[in-house]
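Observations on chain architecture
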Amino acid sequence: MTENNVRVRFAPSPTGPLHIGGVRTALYNYLFARQNGGKFVFRIEDTDSNRFVPGAEEYIAESFKWLGIKFDEGVGIGGEYGPYRQSERRHIYKEYVDQLLSEGKAYIAFDTPQELEAKRNEIENFQYDAHTRMQMRNSLTMSKQETDALIEDGQQYVVRFKIEPGLDVHVNDIIRGDVCVKSNILDDKVLYKSADELPTYHLANIVDDHLMKISHVIRGEEWLPSAPLHVLLYKAFGWEESMPQFAHLPLLLKPEGKGKLSKRDGDRLGFPVFPLEWHDPKTEEVSSGYRESGYFPEAVVNFLALLGWNPGTEQELFSLEELVKAFDIAKCSKSGAKFDYQKGMWFNHEYILRKTDDEIAHLFAPIVANNGVDVPMERVNTVVHLMKDRVSFVKELWDLCSFFFIAPTKYDEKTVKKRWKEYSAQQMTELSQILADITDFSVEGQEPIVMKWVESKEYKLGDIMNAFRLALVGEGKGPGMFDISAFLGKEETLRRLHKAIETLG
Ligand code: GLU
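The rules behind these values
Residues numbered from 1 in each chain as written. Predicted model: local features only at pLDDT ≥ 70, side-chain atom pairs only at ≥ 80, totals over all residues. Heavy atoms only, no water. Helix = DSSP H or I, 4+ residues; strand = E, 2+ residues; numbered from the N terminus. Rg over C-alpha atoms; globule rule 2.2 N^0.38 Å. Buried < 20%, exposed > 50% of the residue type's maximum accessible area, 1.4 Å probe, protein only. Areas by Shrake-Rupley, 256 points an atom, 1.4 Å probe, with all protein chains shown as cover. Near = heavy atom within 4 Å. Polar contact = N/O pair within 3.5 Å; in protein donor to acceptor, adjacent residues only side chain to side chain. Nonpolar A, V, L, I, M, F, W, Y, C, P; charged D, E, K, R; others polar. Pairing = 2+ DSSP bridges.

This part is about the overall build of the protein. Within the protein, the regular secondary structure consists of 19 helices and 15 strands. In terms of C-alpha radius of gyration, the protein reaches 33 Å, well past the compact-globule figure of 23 Å for 505 residues. Judged by the C-alpha coordinates and their principal axes, the protein covers about 110 × 50 × 35 Å. Taking all 505 residues of the protein together, 50% fall into the buried category. When the accessible area of the protein is evaluated, it comes to approximately 24600 Å², of which 50% is carbon and sulfur surface.

And the structure:
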């Protein structure tokens, strides 16, 4: 396979919102395609109409748009191997089912659900396979005339893949090496159902991977058990030559490390497991998303890239471009990756620091406005500059910063008890007189003058600064005191000081 023939695909079934593990699968496919100059195909596997959920496909497409993960071909984009939605390809599959039937590699089975249930009760661990198929109602146990007559009669049937017993089936997996299973453990999977005239996932998936010239199948570990069947199907069709290479990615595990990450873990521990907020059309339940929770798409991408792969260096921050260069599918781990959502928050914090004050200010400005504050953009900018290193999300800024824009209306009781001494009013009155005489009210203008006064009076610096902070902020938090007073300006600083002296006495 030459490099330019690299063609990978992301092939979700639109059965609900995209799980964050699916996002990682798509990301790894994307990185692999980009670094090999290949193509990334977006295919929708919607042959199971019972599980179809309206809005899911749109949700998936929007998620990748937000994340900046682009497809080269597929649903919503087009390409020479379309259509890319399996429901629009139903006319294609029958021919391949018929090929297997005519070559004796598949057979028609009429067993009703009741009959299958009865067998399951009769035989422990019943499996429809070489040992049991001759006891069932199918085209192997009935004459051709009988079979044709039943079909003619309108009886529903399925087409089953006839698995040969006694074979060693090898799946060549880039991450796991040679995975070998005995064909005896596989059952005669249903490939096609007459009831809806549709192929099942397995058949459509293989036929489409073949027709779309997919070179590498990179997908979640949950599909590993299906891989031997897929290998056998490729062989049955005579497509061995073009069989894709497989890479089954490690599972995303619960933060505690045991078991698969689920939506319930997210609900329990307070983090999203979906890229975007999802409104379930049936239950009307709303599930939180990374976008709505205030994550940057770059942070989510960076975070996910490192769940199951690492560069082998200390580097943790990667842009998408850098990931394309550094990523190595062969270095993905076999064992599951613990989902450390606190690490996700850390990444978002790092991306806040990497963004300019301007960028963050533009995100913060609407929040400021929503709180009824009308200030020029440069004021928002200054606050962002002083405070952005303290938050993981832009939305956290308001609680930390509101005092810059709104004077305290009350004073935190605990802080008052601890910080406002009997002499504080006297000291703050003196301080306000000192400040009133300062013409250059910048940090550099205020600081030396105030310090000199504190020293000359032999006051305790802590006493002064704590009371000063309480007066301007209303509690014991915030950045450097002179940063605050410089931002507020002389007039507002003095107003807040006098108010505190008056109120706290
Ligand atoms: N439709 C399958 C899914 O929902 C695709 C699995 C595969 O990539 O083969 O994930």
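Once you've had a look at it, read on.
We now examine the site of the ligand. If you check the shell around the ligand, you find Arg9, Ala11, Pro12, Ser13, Glu45, Tyr201, Asn205, Arg219 and Trp223 and nothing else. Taking Ala11, its main chain carries an N or O atom lying 2.8 Å from a nitrogen atom of the ligand. Here an oxygen atom of the ligand and a side-chain polar atom of Tyr201 are 3.0 Å apart. Bound to the protein, the ligand loses 84% of the 300 Å² it would expose on its own. Per-class residue counts for the shell around the ligand are four nonpolar, two polar and three charged.

Below, the discussion takes up the pairing of strand β5 (residues 158–161). Burial along β5 is two-sided: Val158 and Arg160 and Val159 and Phe161, pointing in opposite directions, are all buried. Sheet topology note: the strand β4 (residues 106–109)/β5 ladder contains four bridges and is antiparallel. Its bridge partner lying in β5, Ile108 is registered against Val159. The pairing of β5 with strand β8 (residues 190–193) spans three bridges and is classified as antiparallel. Bridging from a neighbouring strand, Val158 pairs with Lys193 of β8.

The values are spatial; any link to function lies outside them.
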